[in-house]
Amino acid sequence: MSTILGIESSCDDTSAAVWKDGKIVSNVVVSQEIHQKWGGVIPEAASRNHLQNIAPVVKEAMAQARCEWSDLSAIAFTKGPGLMGPLLVGGQFAKGLAQALNIPLVGVNHMKAHILAHLIEDPKPDFPFLCLTVSGGHTQLVWVKSAVEMEVLGETLDDAAGEAFDKMAKLIGLPYPGGPHLQKLAENGNPKAFAFTIPQTPGLQFSFSGLKTQVMVFLQKQGPGFLSENAADFAASIQFTIIEILMRKLKKAIVETQAKRIALAGGVSANGPLRLAFMELAKHQHCEAYIPAFQFCTDNAGMIACAGFELWKAQIFEDLSCSSDPRLKF
Ligand code: KG4
Ligand code: ZN
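None of the values given here were measured: they were computed from a predicted structure. (Residues numbered from 1 in each chain as written. Chains lettered and ligands numbered in written order. Predicted model: local features only at pLDDT ≥ 70, side-chain atom pairs only at ≥ 80, totals over all residues. Heavy atoms only, no water.)

This brings us to the packing of helix α4 (residues 161-172) against helix α5 (residues 178-186). Between two packed helices, what matters for the description is the angle formed by their axes and the separation of those axes. Where α4 meets α5, the axes come as close as 8 Å, and the angle between the chain directions of the two elements is 60°. By the angle between their axes, α4 is oblique relative to α5. α4 and α5 meet at a crossing whose hand is left-handed. Note on element contacts: α5 touches α4 through Gly178, Gly179, Leu182 and Leu185, opposite Phe165, Asp166, Met168, Ala169 and Ile172. The class makeup of the residues in the contact of α4 with α5 is six nonpolar, two polar and one charged. (Axes fitted to C-alpha atoms, helices over the stretch in contact; angles between N-to-C directions. Helix = DSSP H or I, 4+ residues; strand = E, 2+ residues; numbered from the N terminus. Parallel < 35°, antiparallel > 145°, perpendicular 65-115°, else oblique. Left-handed = near helix turned anticlockwise from the far one by under 90°. Contact = heavy atoms within 4.5 Å. Nonpolar A, V, L, I, M, F, W, Y, C, P; charged D, E, K, R; others polar.)

Given below as structure tokens:
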């Protein structure tokens, strides 16, 4: 029997969740709306918001889980990657709690946690499986051998898929974060209306910055009324191209690894047409396909608590000690 409190603060969502006896029993997420007015996340503002939100969010997650502090077996937190200030807020809060309660502290890699979100609910993929992780900061193809053993087969050379969605949505004049808005706008558009080039990147690497430049240059050449008449078609064509880039590399990775199971993870996996394309590719390649429930796709502490449980089982803990020794080992 184990109870793990997970804390996530890598970007602009403050989240806490409780994993109890094999399942997530609470998952509280507070998204910071303030960044919308700047069209992107301002790290300092995000840090201050995390400071305000973290204690009430953790208390709420504990209350929803009907959990006492003394029930906790360990505290798991997002160690990185992410924004430095926001990570420090969650990390120091988690460390303080673990010290006060005298329980282990588990540092979780945010990208691995997106992948391990597949272990939260049934149906869960057996190991090994191939995972395409698509978020605002990363795009990776990962060969997942076990909960703690993973190999990155390929990743983006420049922008991430979510970043590409957000930046191109901004060019069209959509609010931040643009991914979901672009999907909505594309609903009534023709994905073949405008043809953009698919980048020829080596191996299993991705690239999205060329597409962003193409879209920007194309827009600059159009007359002022272009978007009012073509916005839906334009958004659908951009979305189609991003999905095409992702699916071509995923197909290549399936062939190379001879994967029998494929998984989709990260915030962009909330995208409807991407989910459809993923399911179709799986069918075509005779693979089992896995996508976590929507609430575990975008940033959430449920995935941190779940990943934390796996590391806790493997006894992989953070050092809780402090030292004033000036010769402290590097
Ligand atoms: O994993 P995530 O919540 O945060 C990071 O770790 O980055 O991913 C956030 C990204 C944002 O770029 C957001 O625009 C994108 O996921 N996203 C979507 C959709 N929902 C979220 N992109 C396209 N379509 C969506 N429906
Ligand atoms: Zn994320």
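So much for the structure itself; the text now carries on.
Before going further, it helps to spend a moment on the environment of Met168. Take Met168: it is sitting in helix α4. Apart from residues lying up to four places away in sequence, Met168 is in contact with Leu182, Leu211, Lys212, Val215, Ile238 and Ile242.

Taken together, 19 residues surround ligand 1, and among them Gly136, Asp166, Gln183, Gly267 and Asp299 come closest. Gly137 places a main-chain nitrogen or oxygen 3.4 Å from an oxygen atom of ligand 1. In the complex, the protein chains occlude 88% of the 550 Å² of accessible area that ligand 1 would expose alone. When contributions to the shell around ligand 1 are tallied by element, the ones reaching two or more residues are α3 (110-116), α4 and α5. There are two domains that each give the shell around ligand 1 at least three residues, and those are domain 1 (3-115 + 296-313) and domain 2 (125-291). (Near = heavy atom within 4 Å. Polar contact = N/O pair within 3.5 Å; in protein donor to acceptor, adjacent residues only side chain to side chain. Areas by Shrake-Rupley, 256 points an atom, 1.4 Å probe, with all protein chains shown as cover. Domains from an automatic or database assignment.)

The next point concerns the sheet that holds strand β10 (residues 288-290). Read from one edge to the other, the open sheet built from five strands follows the order β8-β7-β6-β9-β10, with strand pairing classed as mixed. Edge positions in the open sheet fall to β8 (150-155) and β10, since each of these has one partner strand only. For this sheet, the mean inter-axis angle between neighbouring strands, taken without regard to orientation, is 20°. For strand β9 (residues 261-265) and β10, the ladder comprises three bridges, and the chain directions are parallel. Across the sheet, the residue bridging to Arg261 is Glu288, located in β10. On the sheet, helix α7 (residues 226-257) packs against β6 (129-134), β7 (139-144), β8 and β9 and is oriented at approximately 160° with respect to β6. (Pairing = 2+ DSSP bridges.)

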